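Here's the letter readout for the chains.
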Amino acid sequence: FQAAFTLLLGPFTFFNVQKTKYLQIMTSLMRWIAFILMIILALIRISRGQAEGHPSMAQLSGIRNLFGVCVYSFMCQHSLPSLITPISKKRHVNKLVLLDYILILAFYSLLSFTAIYCFRNDTLMDMYTLNFTNCEIINVAFIRYFLGLFPVFTISTNFPIIAVTLRNNWKTLFHREGGTYPWVVDRIVFPAITLVPPVLVAFCTHDLESLVGITGAYAGNGIQYLIPAFLAYCSRKDTQLVFGSGTVNKHLSPFRHTFWIVFVLFWGFSCFVFVTANIVLSESKL
């Protein structure tokens, strides 16, 4: 199955993916349907008195995996440009963005809390949708297969787009001023270094929980805290150079003081130390 996935979707890394409007609409529609189905099915099981979950108040050992989950939740940030750009009058953009995040938070909260009360902790699978493939809640085969294959659908549509984006980021990272890359480097090397690592990782491990925990603990820390803090600092400096120091931005954030940038950097470093210590202590116990 992994070989089939690589052969079918891997070649997209060597080309450009354009006009993805309908592909994105279809993916979003499938996400909505899957989320709503899982929430409703879990609520039905809870209402029937068949709930098995008895979660504890907190588990410090889960902090590492919490970061991994937060990274995927943080991915909703990627939709902000496509939400804001088409709006011609941005006077109420803050309220619209707030409404968008409230909606995202509501869905994540419903999905998480119905899951932890519906299923026992030791029976919850790393891929949550798989809990509904062999469950007595629903007897409709189509819904079982749809939820079971839902990750395949979303990954199949997102993988080419993300791979092409990463490939272009590689080109930008190694960009040479006034120069072009040889054909082999441009069309073979950059796509290959984009495609090969995820295929090797998928081949070497099936432990999705540890994988999400490690990537979230380090890469996620940079994506969520460090990179946005540096971007905010550099963009403010660039804005002062372009527009002058006396220009007033009508859309200033309540967190516009430099203290917040320092605080986020300190928080990111603290999380890095804390998660590393947690990983070392967990491995030493094993």
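Residues numbered from 1 in each chain as written. Predicted model: local features only at pLDDT ≥ 70, side-chain atom pairs only at ≥ 80, totals over all residues. Heavy atoms only, no water.

The test is simple: UniProt positions are given in the numbering used here, feature names are shortened, and annotations may be inferred rather than shown by experiment.
An unreviewed UniProt entry lists the protein under the name TM104 protein, with Crypturellus undulatus as the source organism. On record in UniProt, under Sequence similarities (unreviewed entry), the comment for the protein is "Belongs to the TMEM104 family." Listed under Subcellular location (unreviewed entry) in UniProt, the entry text for the protein is "Membrane".

**Here's the deal with the UniProt feature "transmembrane region" (unreviewed entry) in the protein**
Test applied: Each helix is a run of DSSP H or I of at least 4 residues and each strand a run of E of at least 2, with the numbering of both proceeding from the N terminus.
As annotated in UniProt, the feature "transmembrane region" (unreviewed entry) corresponds to residues 29-46, 66-84, 96-117, 137-166 and 259-281 in the numbering used here. Each end of residues 96-117 is marked by a C-alpha atom, and these two atoms are 32 Å apart; helix forms 100% of the span and strand 0%.

**Digging into helix 6 (residues 141-173)**
Put simply, the rule is: Expected span of a helix, by definition, is 1.5 Å for each gap between consecutive residues, and there is one gap fewer than residues. Bend is the name given here to the angle between axes fitted to two runs of seven residues, the run ending at a residue and the run starting at it.
With 33 residues, helix 6 should reach 48 Å at 1.5 Å per residue; the first-to-last C-alpha distance of 47 Å fits that figure. A maximum bend of about 50 degrees is found in helix 6 at Leu 149, where proline Pro 151 lies one to four positions downstream.

**Examining the packing of helix 6 against helix 7 (residues 183-204)**
Formally: The convention used is that axes are lines fitted to C-alpha atoms, helices contributing only their stretch in contact, and that angles between N-to-C directions extend from 0 to 180 degrees. Angle categories: roughly parallel below 35 degrees, roughly antiparallel above 145, roughly perpendicular from 65 to 115, and oblique for all the rest. By convention, the crossing between two helices is left-handed when the near helix turns anticlockwise from the far helix through less than a right angle, and right-handed when the turn is clockwise. The contact definition used throughout considers only heavy atoms, calling two residues in contact when any of these lie within 4.5 Å. Any residue that is not Ala, Val, Leu, Ile, Met, Phe, Trp, Tyr, Cys, Pro, Asp, Glu, Lys or Arg is counted as polar, Gly included; the first ten are nonpolar and the last four charged.
For the pair helix 6 and helix 7, the least separation of the axes is 9 Å and the interaxial angle reads 120 degrees. The orientation of helix 6 with respect to helix 7, classified from their angle, is oblique. Taken as a pair, helix 6 and helix 7 cross one another with a handedness that is right-handed. Every residue of helix 7 that contacts helix 6 at Phe 159, Ala 163, Leu 166, Arg 167, Trp 170 and Lys 171 is listed here: Asp 186, Phe 190, Pro 191, Ile 193, Thr 194 and Leu 195. The residue makeup of the contact of helix 6 with helix 7, split by class, is eight nonpolar, one polar and three charged.

**Digging into the environment of Phe 107**
For the record, the criterion: Buried means the residue's accessible area, taken with a 1.4 Å probe over protein chains only, is under 20% of the maximum for its type, while exposed means over 50%, and partly exposed covers the values in between.
Inspection of the secondary structure assignment puts Phe 107 in helix 5 (residues 93-118). By relative accessible area, Phe 107 is classed as buried at 17%. Here the alpha-carbon distance between Phe 107 and Phe 35, two residues 72 residues apart in the chain, equals 7.7 Å. If we skip the residues at most four places from it in the chain, Phe 107 touches Trp 32, Phe 35, Ile 36 and Ile 39.

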